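# Structural features, examined
Here's the letter readout for the chains.
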Amino acid sequence: QVQLAESGGGSVQAGGSLRLSCVQSGRTFSNYGMGWFRQAPAKEREFVAGINWSGGSTSYAEFVKGRFTISRDNTKNTVYLQMNSLKPEDTAVYYCAASPSVAARVRGVLSNSPGDINYWGKGTQVTVSS
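This write-up is about the structure you can find in this document. (Residues numbered from 1 in each chain as written. Predicted model: local features only at pLDDT ≥ 70, side-chain atom pairs only at ≥ 80, totals over all residues. Heavy atoms only, no water.)

### As for the packing of aromatic side chains
- Per the counting criterion, the structure on display carries 4 aromatic pairs.
- A ring pair is formed by Tyr 32 and Tyr 119, whose centres lie 6.0 Å apart and whose planes are at 75 degrees; its orientation type is edge-to-face. With Tyr 32 in the loop between β3 (18–25) and β4 (33–39) and Tyr 119 in strand β10 (residues 119–120), this residue pair connects regions lying 87 residues apart in the sequence.
- Its relative accessible area of 6% is what places Tyr 32 among the buried residues.
- Ring centres of Phe 37 and Phe 47 lie 5.6 Å apart, and the angle between their planes is 75 degrees; this geometry places the pair in the edge-to-face category. Taken together, the residues Phe 37 in strand β4 and Phe 47 in strand β5 (residues 46–51) connect sequence positions 10 residues apart.
- By way of ring pairs, the aromatic residues Phe 37, Phe 47, Tyr 95 and Trp 120 are connected into one cluster.
- If you follow Arg 19 out to its NZ or CZ, it ends over the ring of Tyr 80, 4.0 Å from the centre.
- Its guanidinium or amino end placed over the ring of Trp 120, Arg 45 lies 4.4 Å from that ring's centre, counting from NZ or CZ. (Phe/Tyr/Trp six-rings, centres within 6.5 Å; stacked < 30°, edge-to-face > 60°. Helix = DSSP H or I, 4+ residues; strand = E, 2+ residues; numbered from the N terminus. Buried < 20%, exposed > 50% of the residue type's maximum accessible area, 1.4 Å probe, protein only. Lys NZ or Arg CZ within 6 Å of the ring centre and 35° of its normal.)

### Brief notes about the side chain of Ser 101
- Topologically, Ser 101 is positioned in the loop between β9 (92–99) and α1 (102–107).
- Here the side chain of Ser 101 touches Asp 116 through a polar contact of 3.3 Å, side chain to side chain.
- Contacts of Ser 101, omitting those with residues within four sequence positions, involve Val 109 and Asp 116. (Polar contact = N/O pair within 3.5 Å; in protein donor to acceptor, adjacent residues only side chain to side chain. Contact = heavy atoms within 4.5 Å.)

### Structural notes on the environment of Glu 46
- Positionally, Glu 46 belongs in strand β5.
- Between the C-alpha atoms of Glu 46 and Tyr 94, which are 48 residues apart in sequence, the distance is 9.6 Å.
- Apart from residues no more than four positions distant in its own chain, Glu 46 is found in contact with Phe 37, Arg 38, Phe 63 and Asn 112.

### So, the sheet that holds β3
- Across the sheet, which stays open at both edges, the 4 strands sit in the order β1-β3-β8-β7 with antiparallel pairing between neighbours. Only two strands of the sheet have a single neighbouring strand rather than two, namely β1 (3–7) and β7 (68–73). Averaged over neighbouring strand pairs, the angle between their axes works out to 15 degrees when direction is ignored.
- For β3 and strand β8 (residues 78–83), the ladder comprises 6 bridges, and the chain directions are antiparallel. Paired with Leu 18 across the strands is Met 83, a residue of β8. (Pairing = 2+ DSSP bridges. Axes fitted to C-alpha atoms, helices over the stretch in contact; angles between N-to-C directions.)

Right, here's the structure in full:
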């Protein structure tokens, strides 16, 4: 059984930065494409960023391109999300996700489609004030 544990959330002012971390335990980390999703109050969960098994391929939602960077360290079973130039609309609970799909493992493309995500973390709150 895979467990994902996020950390690094918090409260910052607009323009600030945060770095989220997600540690995986239980299975071979490099077997999974990893990603970050977020869910704001009264909104659906949405994809933020994804990374393939080696870290060589990444994908981003348009609204974070140029501001967020996803990376992974397979020696530490950890995926990161560096968030810069944060905006109030980035306020949400951020979830780490693991997917064994070919698209996720090879290209770092993850989605909310049924069956795509095998494991979710419990989430970490990010609050950005104006």
